[in-house]
Each structure stands twice: as structure tokens, then as C-alpha cells.
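Each chain, letter by letter, is given below.
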Amino acid sequence: MLQEDSYRHKGMRRALGRTLAGKGIRDTRVLDAIMRIPRHFFFERAFLEHAYQDKAFPIGEGQTISQPYTVAFQTELLALQPGDRVLEIGTGSGYQCCVLLEMGVKVYTIEYIKKLHERARAMLSQMGYGGATFVHGDGSRGLPAYAPYDKIIVTAGAPTVPHALLQQLRIGGVLVIPVGDEKQQKMLRLTKESETKIRKEEFNGFSFVKLRGEQGWDAQG
Ligand code: SAM
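This is a predicted model, so every value here is computed, not measured.

What about the UniProt feature "active site" (unreviewed entry) in the protein chain?
- This chain's UniProt record puts "active site" (unreviewed entry) on Ser66.
- Relative to the assigned elements, serine 66 resides in the loop between β2 (63–65) and α4 (68–78).
- A relative accessible area of 18% means that serine 66 is categorised as buried.
- Dropping the residues within four chain positions of it, serine 66 is found in contact with Arg39, Lys55, Ala56, Val71 and Phe208.

And the structure:
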């Protein structure tokens, strides 16, 4: 059963929205989405106070729900258009998926850990979200069955940019992915301008759990 969503919770997420705006998030559609979604639903009751702080938090299985600022920053970089087909790699709790859905896009989300995949799918269904396809598997190879995508977001840190992801992006599409070592990554925004031309922008200062799988850290031996 879902927890209650009271005026107090709504007040806490409005405050979170103001914090994120203060940290430089400009896209009001992203801020509005964050202010609509009950992030505390993804937390045990005892940890309510943590749900609207701007920090990552453990969700079990050694994984985390990303920091709200990071969710907002990555979403803003995607420059979503209503109706976009978006691939998310690393479903985790399902919170980022809710933010994407609130922005009117179709989401394909893939998670490596079966327990997290099942929990997130059940949670979004309980919350009444449609419009997402949940897959259990290795997203470092993308999700060719539904390609091409307008946008791809990776929510785990990769050692390099997996080739498959660029292949599965349509021309004009955008891939947002943290790339670096095990401790720190740069956020890359890669725009596929043609089959052979990729425009790259980078932003410093992120720290994610590892992207596993064939084209993630498991390939590094
Ligand atoms: N987007 C998530 C959320 O909103 O809660 C946060 C995700 S957490 C920082 C990263 C997730 O990526 C973890 O759940 C992890 O199991 C998953 N992951 C890691 N490697 C993966 C892979 N190769 N394919 C799919 N998911 C992967």
C-alpha cells in the first residue's frame, strides 16, 4: 500500500524544487515534475526525513536512488520533447522514470538487478503511471528491440561510452551518460548529428554506482 501524501510532504517537495532552482536547474518542466512526484514513496517510512533532502540514498542491493539535483540535471540535458521515445539504463527505484513520464515521453527502462526491476515496476503501477516498458537485463548493450530512441539516459557510471547506445540513437538524438573512473565521472551529453558525427559536451563533478554488464565495468576484467 502506498504511504499518504500530505500537505507536509507537498511542502517539503516545493522546498526541494526551490533548492534545485537555487543550484541552477532552469527548466521549469523538470522542476514541476520533481515538485509533483512523492519521492518519499520510494523510501521506508522511517527515512521520510531523507526523501526531500538533496542527496542520494540507499535502495538495497548496493544501489542508490540518485540525488535529486543529478536527476534534474540529467533530465534537463536531455531537452525532452513531448512524445520522445526515451531509453533509461538503470531503473533503480523508478524515481527517474517517473520524472521522465511526468514530462510526457514514452519510457523504456532497463535494470540489471531483478529484485529492483520488479520492485520499481510494481511501485509505478501502484502510483498509477502508464507509459513505461520495464525490462530486466544488461542495458550496457542498450535495448535493440525498441530502437531507435530520441534520447538515452544512463544512470550508472560507465568506464567508456558503450558503442551500442550510440548505434541505437536516432540522428539528432541525445545520449546523457556519466563516464569516468569508479569514484568520479564527467557527465557527457552526446548529440548524434549524423552517422559519423557526434557533438560532445561535458560537465564535471558526478559520482554514480558502476554500470555493470558487457559494455560496462564487467568488461574491464
Ligand atoms: N535511475 C535510478 C533511480 O531513479 O532510482 C537510479 C539508479 S542507480 C544510481 C543505478 C542503477 O543502475 C542501479 O539500480 C543498478 O543496478 C543499475 N545498473 C547498473 N548496471 C546496469 C546495466 N548494465 N544495465 C541495467 N542497469 C544497470
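A short note on the layout of surface pockets
- For the largest pocket, the calculated volume is near 500 Å³.
- Contributing elements (two or more residues each) for the lining of the largest pocket: β2, α4, β3 (85–89), α5 (95–102) and β4 (106–111).
- Of the residues in the lining of the largest pocket, the class split is 15 nonpolar, 17 polar and five charged.
- When its volume is computed, the second largest pocket comes out at roughly 400 Å³.
- Around the second largest pocket, the lining is made up of 19 residues, and of these Phe41, Phe42, Phe43, Glu44 and Arg119 lie nearest the centre.
- Broken down by secondary-structure element, the contributors of at least two residues to the lining of the second largest pocket are β1 (57–60) and α6 (114–126).
- Of all the elements, α6 adds the most residues to the lining of the second largest pocket, at five residues.

Topic: the side chain of aspartate 138
- With respect to the helices, strands and loops of the structure, aspartate 138 is situated in the loop between β5 (132–136) and β6 (149–154).
- Among the polar contacts listed, one links the side chain of aspartate 138 to the backbone nitrogen of glutamate 214, at a separation of 2.8 Å.
- Setting aside residues no more than four positions away along its own chain, aspartate 138 makes contact with Ile110, Tyr112, Arg212, Gly213 and Glu214.

Some remarks on the sheet that holds strand β9 (residues 198–206)
- If you walk across this open sheet you meet the seven strands as β5-β4-β3-β6-β7-β8-β9, and the pairing is mixed. Each edge of the open sheet carries a strand with a single partner, namely β5 and β9. On average, each strand axis in the sheet is inclined to that of its neighbour by 15°, with strand direction left out of account.
- Sheet topology places β4 next to β5; five bridges connect them, and they run parallel. Its bridge partner lying in β5, glutamate 111 is registered against histidine 136.
- Strands β6, β7 (169–180), β8 (185–192) and β9 of the sheet are contacted by α4, whose axis makes an angle of about 155° with β7.

Section: the packing of α4 against α5
- In contact at an axis separation of 11 Å, α4 and α5 are set at 40° when each is read in the N-to-C sense. Considering their axes alone, α4 and α5 lie oblique with respect to each other. Read as a crossing pair, α4 and α5 show a hand that is right-handed. Mapping the contact onto sequence places Val71, Gln74, Thr75 and Leu78 in α4 and Tyr95, Gln96, Val99 and Leu100 in α5.
- Grouping the amino acids of the contact of α4 with α5 by side-chain chemistry returns five nonpolar, three polar and no charged.

Describing the site of the ligand
- Around the ligand lies a shell of 27 residues, among which Ser93, Glu111, Asp138, Gly139 and Arg212 are the nearest.
- The backbone of glycine 90 places a nitrogen or oxygen atom 2.9 Å from a nitrogen atom of the ligand.
- A distance of 3.2 Å separates a nitrogen atom of the ligand from a polar backbone atom of tyrosine 112.
- Burial of the ligand by the protein amounts to 99% of the accessible area it has alone, namely 600 Å².
- Judged by the proximity of its atoms to the pocket grid, the ligand belongs to the largest pocket.
- Broken down by secondary-structure element, the contributors of at least two residues to the shell around the ligand are β2, α5 and β4.
- In terms of residues, the shell around the ligand owes the most to one element, β2, which gives three residues.
- Here the residues of the shell around the ligand are counted per class, giving nine nonpolar, 13 polar and five charged.

Conventions used here
Residues numbered from 1 in each chain as written. Predicted model: local features only at pLDDT ≥ 70, side-chain atom pairs only at ≥ 80, totals over all residues. Heavy atoms only, no water. UniProt positions renumbered as here; feature names shortened; annotations may be inferred. Helix = DSSP H or I, 4+ residues; strand = E, 2+ residues; numbered from the N terminus. Buried < 20%, exposed > 50% of the residue type's maximum accessible area, 1.4 Å probe, protein only. Contact = heavy atoms within 4.5 Å. 1 Å grid on protein atoms, 1.4 Å probe; cavity = no way out; pocket = protein on both sides within 12 Å on 5 of 7 lines; lining within 4 Å. Points joined across faces, edges and corners; volume = space filled by probe spheres on them. Nonpolar A, V, L, I, M, F, W, Y, C, P; charged D, E, K, R; others polar. Polar contact = N/O pair within 3.5 Å; in protein donor to acceptor, adjacent residues only side chain to side chain. Pairing = 2+ DSSP bridges. Axes fitted to C-alpha atoms, helices over the stretch in contact; angles between N-to-C directions. Parallel < 35°, antiparallel > 145°, perpendicular 65-115°, else oblique. Left-handed = near helix turned anticlockwise from the far one by under 90°. Near = heavy atom within 4 Å. Areas by Shrake-Rupley, 256 points an atom, 1.4 Å probe, with all protein chains shown as cover. Sits in = over half its atoms within 2 Å of the grid points.

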